[in-house]
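Inside the fold
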Amino acid sequence: SSLISRIFFGIDFTDEMQHYLQIRSITEGRNLYFDDLFFQQSIYILIYPITSLYNELFGFQNFLFFLRILHSLIACIFVVIIYKSLVKAQIQKLNAQVIAISISLSAVALGVYSINYNSATFLFYALFIVQFIIWDKSNKSMFFLPVICFLTNPFVSIAMFSLLWS
């Protein structure tokens, strides 16, 4: 039924609506875990300033469409960051483009087209792996990604920290 609703209406009335309502709830000023006890809604802390600004300017009109555009922009930002990291590691530019675009499109194509714990975890983890491959041990900024990823998936965050400490 999810596939059919997505084909005919462009909306997945299941998970996408849950993500949409969690973001809307926070943007309306309610606390995290007020309407839903799901831990992974913590990811919305990162986009709250943007959704709050949108709400101030336009209310909730076209909010779902705005969130889809925001999701696309975030994926594009990850394309640029991953591409630059790969080029810095002396990967050929064409290969770096293919890798960066493929990784980001994979995150966008994962299940529901929304900002959520799955898509964010995938993007953070993919960026982490790329950064880890080219990591210089003196660069302590690598510890930032596992901390941020903790908001989306604590278990993936633990895996990241384990790689850093190995």
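Use the structure listed above.
The text that follows walks through the structure, step by step, so that each part is easy to find.

1. Remarks on a nonpolar patch on the surface
Among the surface-exposed residues, Leu53, Leu57 and Phe58 lie close enough to one another that they form a single nonpolar patch of about 340 Å² accessible area. You can see Leu57 is positioned in helix H3 (residues 44-58). With relative accessibility at 56%, the residue Leu57 sits in the exposed group.

2. Comments concerning the packing of aromatic side chains
The description of an aromatic ring pair uses the distance of the two centres, along with the angle that the planes make with each other. Tallied over the entire structure, the rule returns eleven aromatic pairs. Measuring from ring centre to ring centre gives 6.3 Å for Phe63 and Phe66, while their planes differ by 25°; the resulting arrangement is stacked. Of this pair, Phe63 and Phe66 both sit in helix H4 (residues 63-88), three residues apart, which is roughly one turn of that helix. No difference in accessibility class separates Phe63 from Phe66, as the two residues are buried. Clustering of aromatic rings is evident, with ring pairs tying together Tyr54, Phe58, Phe60, Phe63 and Phe66. One residue, Arg24, lies across the ring of Phe60, its end atom 4.0 Å from the ring centre.

3. Details of unusual backbone geometry
With phi around 60°, Asn62 is a residue other than glycine that occupies positive phi space. Here Asn62 lies in the loop between H3 and H4. Here Gln90, not a glycine, exhibits a phi torsion of approximately 70°, which is positive. Relative to the helices and strands, Gln90 is located in the loop between H4 and helix H5 (93-109). On the basis of relative accessibility, which here comes to 73%, the residue Gln90 falls in the exposed class.

4. What to know about empty space enclosed by the protein
On inspection of all chains with the given rule, the structure shows one cavity of 30 Å³ or more. Approximately 40 Å³ is the volume attributed to the largest cavity. Considering the residues around the largest cavity, the lining is formed by Glu16, His19, Tyr20, Ile23, Leu64, Leu67, Arg68, Tyr113, Ser114 and Ile115. Where the lining of the largest cavity is concerned, the elements lending two or more residues are helix H2 (15-27) and H4. Considering every element that reaches the lining of the largest cavity, the biggest residue donor is H2, with four residues. Looking at the lining of the largest cavity, its residues break down into six nonpolar, two polar and two charged.

5. A closer look at the nonpolar core
Judged by nonpolar contacts, the single largest core of 37 residues is most densely connected at Phe63, Ile82 and Phe124. With eight residues, the top contributor of residues to this core is H4. Apart from the residues lying within four places of it in its own chain, the contact partners of Phe63 are Tyr20, Ile23, Arg24, Thr27, Thr51 and Tyr54.

6. Quick look at the pattern of salt bridges
Under the criterion given, the structure shown has one salt bridge. We note a salt bridge from Glu28 to Arg24, for which the minimum N-O separation is 3.0 Å.

Rules used in this analysis
Residues numbered from 1 in each chain as written. Predicted model: local features only at pLDDT ≥ 70, side-chain atom pairs only at ≥ 80, totals over all residues. Heavy atoms only, no water. Patch = residues over 30% accessible without salt bridge, like charges linked within 9 Å, V, L, I, M, F, W, Y side chains within 5 Å. Areas by Shrake-Rupley, 256 points an atom, 1.4 Å probe, with all protein chains shown as cover. Salt bridge = Lys/Arg side-chain N within 4 Å of Asp/Glu carboxyl O. Helix = DSSP H or I, 4+ residues; strand = E, 2+ residues; numbered from the N terminus. Buried < 20%, exposed > 50% of the residue type's maximum accessible area, 1.4 Å probe, protein only. Phe/Tyr/Trp six-rings, centres within 6.5 Å; stacked < 30°, edge-to-face > 60°. Lys NZ or Arg CZ within 6 Å of the ring centre and 35° of its normal. 1 Å grid on protein atoms, 1.4 Å probe; cavity = no way out; pocket = protein on both sides within 12 Å on 5 of 7 lines; lining within 4 Å. Points joined across faces, edges and corners; volume = space filled by probe spheres on them. Nonpolar A, V, L, I, M, F, W, Y, C, P; charged D, E, K, R; others polar. Core = buried A, V, L, I, M, F, W, Y, C linked by side-chain atoms within 4.5 Å. Contact = heavy atoms within 4.5 Å.

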